[in-house]
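For reference, the chains in residue letters:
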Amino acid sequence: MVDRRTPAGHALITGGAGFIGSHLVDSLLADGWRVTVVDNFDPYYDPAIKRRHIAPHLLHPAYRLFEIDIRDGAALEAALTDDYSVIVHLAAKAGVRNSLTDPLGYQMTNVIGTQNLLTFAYKRGIKPFVFGSSSSVYGECPRLPWRESDLGLLPINPYASSKLADEQLGYVYAQTFGLRFVGLRFFTVFGERQRPDLAIHKFARLMLAGKTIPVYGDGSSERDFTYWGDIVAGIRGAMTFVIDAHQPNYALFNLGNNRTIGLLEMIRKLENVLQVEAKIDWQPWQPGEMRRTWADIDKAQQALGYAPATDFDTGLARFAVWLRQTMLIEAGAH
Ligand SMILES: NC(=O)c1ccc[n+]([C@@H]2O[C@H](COP(=O)([O-])OP(=O)(O)OC[C@H]3O[C@@H](n4cnc5c(N)ncnc54)[C@H](O)[C@@H]3O)[C@@H](O)[C@H]2O)c1
């Protein structure tokens, strides 16, 4: 297991205004890190939400924000002139379903954008690079739970294939250009600040508004839901790992919870925490959707000291409290 007491340094975080990124920034600032964020406040979901996430960060003297699009490599190189001890690359187009209708947009942000960050890191001699990948790279990989050593990954949507391409670009930069690259395969992250397009958040708002929720297929799909706090702990472990020159210069880790929840079970639990009954609008199965995701987390446990600490019910209860507070703030803003 790596020593997780890496001294605070200067982290460059892309996507630091988003759901996972803003929680990571909270954690780093609290531990004395300097943090520089690159985010273009992409309009995939309301940028006002991201502005709310970063409002406290803007008041912190160790925080800097650059509103730059990662597709613009020259802008990155011109603006980012400090020395960074590690890059954590989380900026991406993130929704699976949206990638079916905008495959080129996903290639541009997720693949060209990642290429730009890797080029920047190489030119500037910044070796430690942590990348936010996704469980969706496994796609239809038949053996469950999924392990990092599984071969024959079979992504089934453009988002997933863009993330797999990024992992491979990372390998090129580790083997040939001397970077130290860790790819973290996040499994359906949930909790406070969750993206509004993700099922728990989307369903909760529809249910509280008394509207129907669309359920695709027969409701038997399963997800390995992972609380954001566990993901942030895993990213912090990976930062230490990638800074430590004694560790391998390329590694992939699953960050999941190692437990699956069925879609209907998730809806029942949501009814319980929100105290409203769900009205289901059954829809045909969607191509590109995965039936089941399930992480084997042994490798991350051993190498990063990763140990998920928040179970689904606890995380969901916290999400429900946060959502009600957020909806009050939104109502006041209108
Ligand atoms: N949330 C999950 O369940 C989940 C699961 C697997 C992987 N991931 C990955 O984790 C990362 C963070 O996801 P999230 O859920 O916090 O998403 P998010 O959309 O909340 O955060 C992504 C951030 O990237 C920014 N961004 C998008 N395009 C950009 C561009 N061209 N230039 C600069 N910034 C840009 C967005 O404005 C946003 O703030 C993503 O790479 C995503 O693919 C998330």
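Residues numbered from 1 in each chain as written. Predicted model: local features only at pLDDT ≥ 70, side-chain atom pairs only at ≥ 80, totals over all residues.

Draft legend 1. Highlighting the overall build of the chain. Secondary structure summary: the chain contains 11 helices and 13 strands in total. Counting only residues that meet the buried cut, the chain has 42% of its 334 residues in that class. Considering only residue pairs separated by 6 or more positions, the chain has 82% of its internal contacts joining residues 24 or more positions apart. (Helix = DSSP H or I, 4+ residues; strand = E, 2+ residues; numbered from the N terminus. Buried ≥ 20, exposed ≤ 12 C-beta atoms within 10 Å, placed from the backbone. Contact = placed C-beta atoms within 7 Å.)

Draft legend 2. Examining the sheet that holds strand S1 (residues 10-14) more closely. Read across the sheet, seven strands follow the order S3-S2-S1-S4-S5-S6-S11 without closing on themselves; strand pairing throughout is parallel. The open sheet is flanked by strand S3 (63-66) and strand S11 (250-255), the only strands paired with a single partner. Averaged over neighbouring strand pairs, the angle between their axes works out to 20° when direction is ignored. Where strand S4 (residues 86-89) lies against strand S5 (residues 128-134), three bridges are found, and the strand directions are parallel. Across the sheet, the residue bridging to Val 88 is Val 130, located in S5. (Pairing = 2+ DSSP bridges. Axes fitted to C-alpha atoms, helices over the stretch in contact; angles between N-to-C directions.)

Draft legend 3. Representation of the nonpolar core in the model. Counting 80 residues, the largest nonpolar core has Val 88, Val 130, Val 182 and Ala 238 as the members making the most contacts within it. The element contributing the most residues to this core is helix H8 (residues 228-243), with nine residues. Those residues within four positions of Val 182 in sequence are excluded, and the remaining contacts are Val 130, Phe 131, Ala 238, Phe 241, Val 242, Ala 251 and Phe 253. (Core = buried A, V, L, I, M, F, W, Y, C linked by C-beta atoms within 7 Å.)

Draft legend 4. Local environment of the site of the ligand. Taken together, 28 residues form the shell around the ligand, and within it Gly 15, Gly 18, Phe 19, Ala 92 and Phe 186 come nearest. For the shell around the ligand, the secondary structure elements donating two or more residues are helix H1 (19-30), helix H5 (103-124) and S5. Per-element accounting of the shell around the ligand gives the leading share, three residues, to H1. (Near = placed C-beta within 6 Å.)

Draft legend 5. Spatial organisation of the packing of helix H7 (residues 199-208) against helix H9 (residues 263-274). Axis separation between H7 and H9 bottoms out at 11 Å; the angle between their running directions is 50°. As judged from the angle between their axes, H7 and H9 are oblique. Seen from above, H7 lies across H9 with right-handed handedness. Residues Ile 200, Phe 203, Ala 204, Met 207 and Leu 208 of H7 touch H9, and the partners they reach there are Met 266, Ile 267, Leu 270 and Leu 274. Residues of the contact of H7 with H9, tallied by class, amount to nine nonpolar, no polar and no charged. (Parallel < 35°, antiparallel > 145°, perpendicular 65-115°, else oblique. Left-handed = near helix turned anticlockwise from the far one by under 90°. Nonpolar A, V, L, I, M, F, W, Y, C, P; charged D, E, K, R; others polar.)

Draft legend 6. Inspection of the pairing of strand S2 (residues 34-38) at higher detail. With four of five residues buried, S2 lies mostly within the body of the structure. In this view, the connection linking S1 to its parallel neighbour S2 by way of H1 has right-handed handedness. Where S2 meets S3, four bridges bridge the pair, whose relative direction is parallel. Across the sheet, Val 35 pairs through a bridge with Tyr 63, a residue of S3. Considered for its hand, the β-α-β crossover made up of S2, helix H2 (residues 47-58) and S3 is right-handed. (Right-handed = clockwise from strand over helix to strand, strands pointing away.)

Draft legend 7. Representation of unusual backbone geometry. Cis peptide bonds are those with omega within 30 degrees of zero, and the linkage from Leu 144 to Pro 145 qualifies with -10°. Relative to the elements of secondary structure, Pro 145 occurs in the loop between S5 and helix H6 (158-175). The phi angle at Asn 258 is positive, at roughly 65°, despite the residue not being glycine. As for its placement among the helices and strands, Asn 258 is situated in the loop between S11 and strand S12 (261-262). Not every positive phi belongs to a glycine, and Gln 275 is a case in point at roughly 60°. Counting through the fold element by element, Gln 275 comes out in the loop between H9 and strand S13 (279-283). Residue Gln 275 is classed as exposed on the basis of its C-beta count, with 9 C-beta atoms lying within 10 Å.

Draft legend 8. Spotlight on the environment of Asn 272. Looking at where Asn 272 falls in the secondary structure, it is placed in helix H9. Separated by 48 residues in sequence, Asn 272 and Ala 320 place their C-alpha atoms 10 Å apart.

Draft legend 9. Layout of H8. Its 16 residues give H8 an end-to-end C-alpha distance of 22 Å, which sits within 8% of 22 Å, the value for a rise of 1.5 Å per residue. Extensive coverage of H8 is indicated by the burial of 13 of its 16 residues. (Expected span 1.5 Å × (residues − 1).)

Everything listed here is a matter of coordinates, which is why it stays silent on function.
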